[in-house]
Amino acid sequence: MNDEFPEALQIEVTNKCNFKCQMCIRRVWNAKPLDMDMALYRKIAKTSFSELKRLILYGFGEPFIHPQFIEMLRLARENLPKDGEIIISTNGSLITTQTACKIMKVGVDSVSFSVDTVNEAKLSRLREGSDFGLIVDNIGKLAKIRNKAVREFRLGLETVIVEDNFLELPKLVEFAADRNIDYIFVSHVMPYTTEICTKAMYLTLSKPVVEILKPSLEYGWRLIWKSTIELFGKAYGVEMETAPTQLIRSFWDKAEKEGYWINLPLFLGSKDKLEALNLLEEVFLKSKKIAHAYQIDLQLPNLYPDAKERRCPYIERKTLAIRSDGAASPCQEFMYAHPVYINAHRKSIHEVVFGNLAEEGVEEIWRLGAYVNFRDIRRDLVRNMPWCGDCPYSTQGCFYTKTNNVDCFANSPTCNECLYSVNLTQCNI
């Protein structure tokens, strides 16, 4: 396996933004607002871009806020291989006619707009500061010029699914068809706050586990309560075997045969979410049919995770993430310290940094022993790292789920609850 240099760099050209989206990490972090220094960007461009297949120019900020972003694009095209791709993701608010023409002359390969719904009122609530009409106009500007561009680029939409907007996904696909959009990249939400966590449209339980546990819905929480009574009875010498206990034992037997654990408390607390997921499945099927009819590449997330099918997209696509201050991280989610609410608990994510491009080169960081080991472990996540969504301890205050510092397999740092690894959340890299 040739792993001497990354195939892609994701460069956060700025962490500033003119929106205040409900689901954004910016609501919970303490990062200093910063545009990437142009001298640093030039250094990276001249020393590293010639080896890349892809350059992804976005992070947690709006790239067009950077006052020299067009110059960054020019440097990218100048230093990348001829077939090297430039990928941009934007909130769509700052693309003027002049900017669109400059993009056309530079030559990019993909521009995606963050649009979660075609309902103007809902969009303004989800993405505070947005102007739906302006975004639609700016999509139109790029759609008109892309056939005349130096490189004909793909035009896309990026959508985050929550309780508020999932029913409108078919309408969004129709909206895309009317504007000659090439692809729609759909992701579940990464829940940085408790409010957003309640609006998430997924469970962290593996699909086979959900099927095994469905008979428990007939009993509800009484199943655990009666089993607990039996446990206390046995402690005092009273032998009994209740139907609830037998049922729970059968769940574990089935799960273990298939190679899973069961998280019954999380399942019983998710009855409403299960019903909503049935509806989401119908929405996904309807959206797929519309997308197929109009030849739109609709990239949907999983409805359920599977502990036995986990992959790190950053490892698979050999991508290094670079923060606006030059810090090098293994993925976007590890760029900054922040909370996340998952498996009915709060988790503190600490930043994971393997060096800084202001002081070291990309190749030097990529070959760093600690980073090589980090990637090696994640090439087989199923074998090397636990999935806490199926573990009952994860919802009961387990030490190993409080931070990303370490897990019960002794990995440090850990990705034991990473939603990207099970394709619930997706990253456009």
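Everything in this summary refers to the structure shown in the same document. All figures in this text were calculated on a predicted structure; none of them were measured in a lab.

Tallied over the full model, the rule gives 26 salt bridges. For R323, the salt bridge identified is with D325, shortest N-O distance 2.9 Å. Its relative accessible area of 9% is what places R323 among the buried residues. On the accessibility criterion, D325 (32% relative accessible area) is partly exposed. Note that E363 and R367 form a salt bridge whose closest N and O atoms lie 2.9 Å from each other.

Turning next to the nonpolar core. Residues I11 and F49 are the most contacted members of the largest nonpolar core, which totals 138 residues. In terms of residues, this core owes the most to one element, helix α12 (residues 271-293), which gives seven residues. Other than its neighbours up to four places away in sequence, I11 contacts M36, Y41, I44, F49, L55, I56, L57, Y58 and I322.

Residues of helix α2 (residues 69-79) that are buried include every one of F69, M72, L73, L75, A76, R77 and N79, and no others. At its buried positions, α2 is contacted by α1 (38-48), β3 (54-56), β4 (85-90) and α3 (97-106).

Time to look at the sheet that holds strand β11 (residues 328-329). The nine strands are arranged β9-β8-β7-β5-β4-β3-β1-β10-β11 in an open sheet whose pairing can be described as mixed. Whereas interior strands pair on both sides, the edge strands pair on one side only; in this sheet they are β9 (297-299) and β11. Where β3 meets β4, three bridges bridge the pair, whose relative direction is parallel. By the bridge assignment for β4, L55 is matched with I86. Those strands touched by helix α6 (residues 169-178) are β7 (154-161) and β8 (183-188), and its axis lies near 170° from that of β7.

Criteria and thresholds
- Residues numbered from 1 in each chain as written.
- Predicted model: local features only at pLDDT ≥ 70, side-chain atom pairs only at ≥ 80, totals over all residues.
- Heavy atoms only, no water.
- Salt bridge = Lys/Arg side-chain N within 4 Å of Asp/Glu carboxyl O.
- Buried < 20%, exposed > 50% of the residue type's maximum accessible area, 1.4 Å probe, protein only.
- Core = buried A, V, L, I, M, F, W, Y, C linked by side-chain atoms within 4.5 Å.
- Helix = DSSP H or I, 4+ residues; strand = E, 2+ residues; numbered from the N terminus.
- Contact = heavy atoms within 4.5 Å.
- Pairing = 2+ DSSP bridges.
- Axes fitted to C-alpha atoms, helices over the stretch in contact; angles between N-to-C directions.

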